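A look at the structure
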Amino acid sequence: MPKPSAGSPGGYGQPPFQEVSARDRRWAGLLLRVTIAIAGLMLVAFVVGIVFLVRADADAGEAAYGYIALFLWFGVAAAVPVLLAFGIPALVMTRRVRQQDRLTHQYLPRPGCR
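Residues numbered from 1 in each chain as written. Predicted model: local features only at pLDDT ≥ 70, side-chain atom pairs only at ≥ 80, totals over all residues. Heavy atoms only, no water.

1. Digging into the overall build of the chain
When its secondary structure is counted, the chain shows two helices and zero strands. Out of the 114 residues in the chain, the part that is buried amounts to 17%. Across the chain, contacts joining residues at least 24 apart in sequence account for 70% of those joining residues at least 6 apart. Put simply, the chain shows about 9,500 Å² of open surface, and 67% of that area lies on carbon and sulfur atoms. (Helix = DSSP H or I, 4+ residues; strand = E, 2+ residues; numbered from the N terminus. Buried < 20%, exposed > 50% of the residue type's maximum accessible area, 1.4 Å probe, protein only. Contact = heavy atoms within 4.5 Å. Areas by Shrake-Rupley, 256 points an atom, 1.4 Å probe, with all protein chains shown as cover.)

Here's what the structure looks like:
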């Protein structure tokens, strides 16, 4: 007869705590910076598209700016999956890094206390 093991029945329980390495910290920072850069470029492209559309609407001779605005907005729409592909892992990794920092600082003695 097998002995019951410690833990939850059926093997469902909280996974063991995984330490975050220095490499993971660097990747979290890099992914976060890349995500911010992509979001910034998307915002700039959207605003420039609006400016081009207003300029094309003001004069019929500059209708080409309207087409450029449409291409910029298609680029913004195409960049949304890329933003999500970089942003979601960046947020998850940054959350893990901050969680480990909180756990390690919680158990360290405070300066001046014995």
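2. What about the pattern of salt bridges?
All told, the structure shown has one salt bridge when counted by the stated rule. Residues Arg-55 and Glu-62 are paired through a salt bridge, measuring 3.1 Å at the closest nitrogen-oxygen approach. What makes Arg-55 partly exposed here is its relative accessible area of 38%. (Salt bridge = Lys/Arg side-chain N within 4 Å of Asp/Glu carboxyl O.)

3. As for a nonpolar patch on the surface
A cluster of nonpolar residues, Leu-43, Phe-46, Val-47, Ile-50, Val-51 and Val-54, forms a patch on the protein surface that exposes about 540 Å² of accessible area. Secondary-structure assignment places Val-47 in helix H1 (residues 22-58). The class of Val-47 is partly exposed, set by a relative accessible area of 44%. (Patch = residues over 30% accessible without salt bridge, like charges linked within 9 Å, V, L, I, M, F, W, Y side chains within 5 Å.)

Everything listed is a geometric property; what it means functionally is a separate question.
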